[in-house]
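The primary structure of each chain is shown beneath.
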Amino acid sequence: MRESPNYGQSNTGANEESLRMVSSQPIGNEPVSDEELRPHVLDGFIGQPTLKAQLQLFLDAARKRDVPPDHILLAGPPGLGKTTLAMIVANELEVPIRVTSGPAIQHAGDLASILSSLDTGEVLFIDEIHRLPRAAEELLYIAMEDFRVDVMVGKGPGASSIPLTLPRFTVIGATTREGMLPSPLRARFGFTAHLDFYPHEELEKLIERSANVLGVNLGEGSAQEMALRSRGTPRIANRLLRRVRDWAIVHDLVTVHPNDVKEALALYQIDSEGLDRLDIAVLNAIVRNFNGGPVGLNNLSAMVGEESETVETVCEPYLVREGFLMRTPKGRVATDKAWRHLGIVPNDSKDDVSKLF
């Protein structure tokens, strides 16, 4: 077995999702809502051309009718711009926006308090709407359809329900798991937008725009190097750009060239395919310790020192999407692309993947 010097045995220490440079979740001191990089109008939003055209028509029609638009559901993986689009909708309609999230609403009364304080035409943005408690969901059904909430007064046999009429408003819900939304709630959204991962060309444009905002002078090809490592996700692209900016500041660089990008991101253990230490650890475990698989999830997570849920929900989606890993009935299997990426020649005893199905 011939091995490339670029990939030795990976450190198997634990690594939290929120600490990964290529995580699509926001990091504490660099929230996704960073106003310096967020466009405020639909024309300034890069990518998702079909969605933009649909949303532009939807908003233009509402403006011509002079009524608040129907409720909007934004669905897609983390980091693709759902919160940004919600802010843009409110800005395009020139109305205030109230921001909350599903986990922040613990009881139906919390949601009733927010709804009763909305003004006519105001936008209520609920992030992670799939995590609303059941009682709050049922309250939201009525509020979205009939623009009223029923307030319970008193307890026991003497309790009574008082209907409270609400001004017409627009709910914008964002979810990474549309399938977890109950059908009655999903049916009350008049417009559902699905956000897709970005191609490299659109990420390059986004990085160039963000670089102009941050005052980073990128040389030819530098944005492309970052785009290739961004996993199709704008949030990751902007995060990598910030780290490259830090590298440029520390090294007194006037212009950031492609080799500077490679050196800066190599420091954070991010390779040319956007894989980080944890991704490489997973591939190494399958290829080196299990001869390419198949291997069960529990065995794999034990080898890399991570919880099974972390491996399954954090690492595997990108590895499967990019063709490094396959899920089979017998377990996880590394593809030929994974072997080549690690610089390892497969053994003759490597299982034929076709036999696993």
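Residue numbers run consecutively from 1 along every chain, following the written order of its sequence. Given that the model is predicted, a residue must reach a pLDDT of at least 70 before its local features are reported, and side-chain atom pairs must reach 80 or more before they are shown or counted; all residues, however, enter totals for whole chains, interfaces and linings. Where side-chain values are given, they derive from all heavy atoms of the structure, hydrogens and water being excluded.

Overview of the overall build of the protein
A tally of regular secondary structure across the protein gives 13 helices and nine strands. Counting every position in the protein, which comprises 357 residues, the buried fraction comes to 49%. We call two residues contacting when some pair of their heavy atoms lies within 4.5 Å. Restricting the contact set of the protein to residue pairs at least 6 apart, pairs at least 24 apart contribute 71%. Only the protein chains shown count as covering a residue, and every accessible area follows the Shrake-Rupley method with a 1.4 Å probe. A total of about 17,000 Å² of accessible surface is found on the protein, and carbon and sulfur atoms cover 50% of it. Numbering goes from the N terminus for both helices and strands, where a helix is a DSSP run of H or I of at least four residues and a strand is a run of E of at least two. Categorising residues by exposure relies on relative accessible area from a 1.4 Å probe, with only protein chains included: less than 20% of the type maximum marks a residue as buried, more than 50% marks it as exposed, and the intermediate range marks it as partly exposed.

As for helix α8 (residues 234-250)
For an α-helix, the turn length of 3.6 residues means that residues three or four places apart are oriented alike. For a helix, the expected span equals 1.5 Å multiplied by the residue count minus one. The end-to-end C-alpha separation of α8 is 25 Å, in line with the 24 Å expected for 17 residues at 1.5 Å each. For α8, the tally of buried residues reaches 13 of 17 residues, placing the bulk of the element in the interior. At the exit of α8 stands Asp252, carrying a positive phi of roughly 55°.

Side note on the sheet that holds strand β2 (residues 97-101)
With respect to topology, five strands assemble into an open sheet ordered β2-β3-β6-β1-β7, the strand pairing being parallel. Each of the sheet's edge strands pairs with one partner strand only, and the pair in question is β2 and β7 (191-194). Going from strand to strand, the sheet's axes swing by 15° on average, the running direction of each strand aside. DSSP calls a pair of strands paired once it identifies at least 2 bridges connecting them. Two strands pair when backbone bridges link them, and β2 and strand β3 (residues 123-127) are joined in this way by five bridges, in the parallel orientation. Bridging across to β3, Arg98 finds its partner in Leu124. The axes used here are C-alpha line fits, helices contributing only the stretch in contact, and every angle between their N-to-C directions lies in the interval 0 to 180 degrees.

Digging into the UniProt feature "binding site: Mg(2+)" (unreviewed entry) in the protein
Mapped onto the present numbering, the UniProt feature "binding site: Mg(2+)" (unreviewed entry) falls on Thr83. Within the element layout of this structure, Thr83 appears in helix α2 (residues 82-93). Each residue touching Thr83, except ones within four places of it in the same chain, is listed here: Arg38, Phe125 and Asp127. UniProt positions are given in the numbering used here, feature names are shortened, and annotations may be inferred rather than shown by experiment.

Quick notes on the packing of aromatic side chains
For this analysis, a ring pair means two rings from Phe, Tyr or Trp (six-membered ring only for Trp) whose centres lie within 6.5 Å, classed as stacked if their planes differ by under 30 degrees, edge-to-face if by over 60, and tilted for the remaining angles. Enumeration over the complete set of coordinates arrives at two aromatic pairs. For the pair Phe58 and Phe191, a centre-to-centre distance of 5.1 Å together with 20° between the ring planes defines the contact as stacked. Residue Phe58 is located in helix α1 (residues 49-65), and its partner Phe191 is located in strand β7; the two are separated by 133 residues in the primary sequence. Judged on exposure class, the residue Phe58 and its partner Phe191 are both buried.

Here we look at the packing of helix α6 (residues 200-214) against α8
Running from N to C, α6 and α8 cross one another at 45°; their axes reach a closest spacing of 10 Å. Taken together, the axes of α6 and α8 are oblique relative to one another. The handedness of the crossing between α6 and α8 comes out as right-handed. Residues Leu203, Leu206, Ile207, Ser210, Ala211 and Leu214 of α6 touch α8, and the partners they reach there are Pro234, Ala237, Asn238, Leu241, Arg242 and Arg245. In the scheme used here, Gly and all other residues not listed as nonpolar or charged are polar, with Ala, Val, Leu, Ile, Met, Phe, Trp, Tyr, Cys and Pro taken as nonpolar and Asp, Glu, Lys and Arg as charged. Each residue belonging to the contact of α6 with α8 can be placed in one class, and the counts come to eight nonpolar, two polar and two charged. Should an angle fall under 35 degrees it is taken as roughly parallel, and over 145 as roughly antiparallel, whereas 65 to 115 is taken as roughly perpendicular and any remaining angle as oblique. Crossing handedness is read from the near helix: turned anticlockwise from the far helix by less than a right angle, it gives a left-handed crossing, and turned clockwise, a right-handed one.

Side note on a nonpolar patch on the surface
Patches draw on residues past 30% relative accessible area with no salt bridge. Two like charges within 9 Å are joined, as are two nonpolar side chains (Val, Leu, Ile, Met, Phe, Trp, Tyr) within 5 Å. Here a salt bridge means any side-chain nitrogen of Lys or Arg lying within 4 Å of a carboxyl oxygen belonging to Asp or Glu. Taken together, the side chains of Val151, Ile162 and Leu164 make up a nonpolar region of the molecular surface, amounting to roughly 220 Å² of accessible area. One can find Val151 in strand β4 (residues 148-153). By relative accessible area, which is 35% here, Val151 ends up partly exposed.

Some points on the packing of helix α11 (residues 297-304) against helix α12 (residues 308-321)
One can describe the packing of α11 onto α12 by two numbers: an axis separation of 8 Å at closest approach and a directional angle of 90°. Considered as vectors, α11 and α12 are oriented roughly perpendicular to each other. Facing α11, whose interface residues are Leu297, Asn298, Leu300, Ser301 and Val304, α12 presents Ser308, Val311, Glu312 and Glu316. Of the residues contributing to the contact of α11 with α12, the split by class is four nonpolar, three polar and two charged.

Comments concerning the side chain of Arg332
Topologically, Arg332 is positioned in strand β9 (residues 331-334). Definition of a polar contact: a pair of N or O atoms within 3.5 Å, with one able to donate and the other able to accept a hydrogen when the atoms are protein atoms, and with sequence-neighbouring residues admitted only if both atoms are side-chain atoms. For Arg332, the side chain forms a polar contact with the side chain of Glu316, separated by 2.6 Å. Not counting residues up to four positions away in its chain, the partners in contact with Arg332 are Ile286, Gly292, Gly293, Pro294, Val295, Leu297, Leu300, Glu312, Glu316, Leu325, Met326 and Arg327.

Side note on unusual backbone geometry
With phi around 50°, Gln48 is a residue other than glycine that occupies positive phi space. The topology assignment puts Gln48 in the segment before α1. On the basis of relative accessible area, Gln48 is assigned to the buried category, the value being 8%. Positive phi, normally seen in glycine, also occurs at Glu94, with a value near 55°. On the basis of relative accessible area, Glu94 is assigned to the exposed category, the value being 72%.

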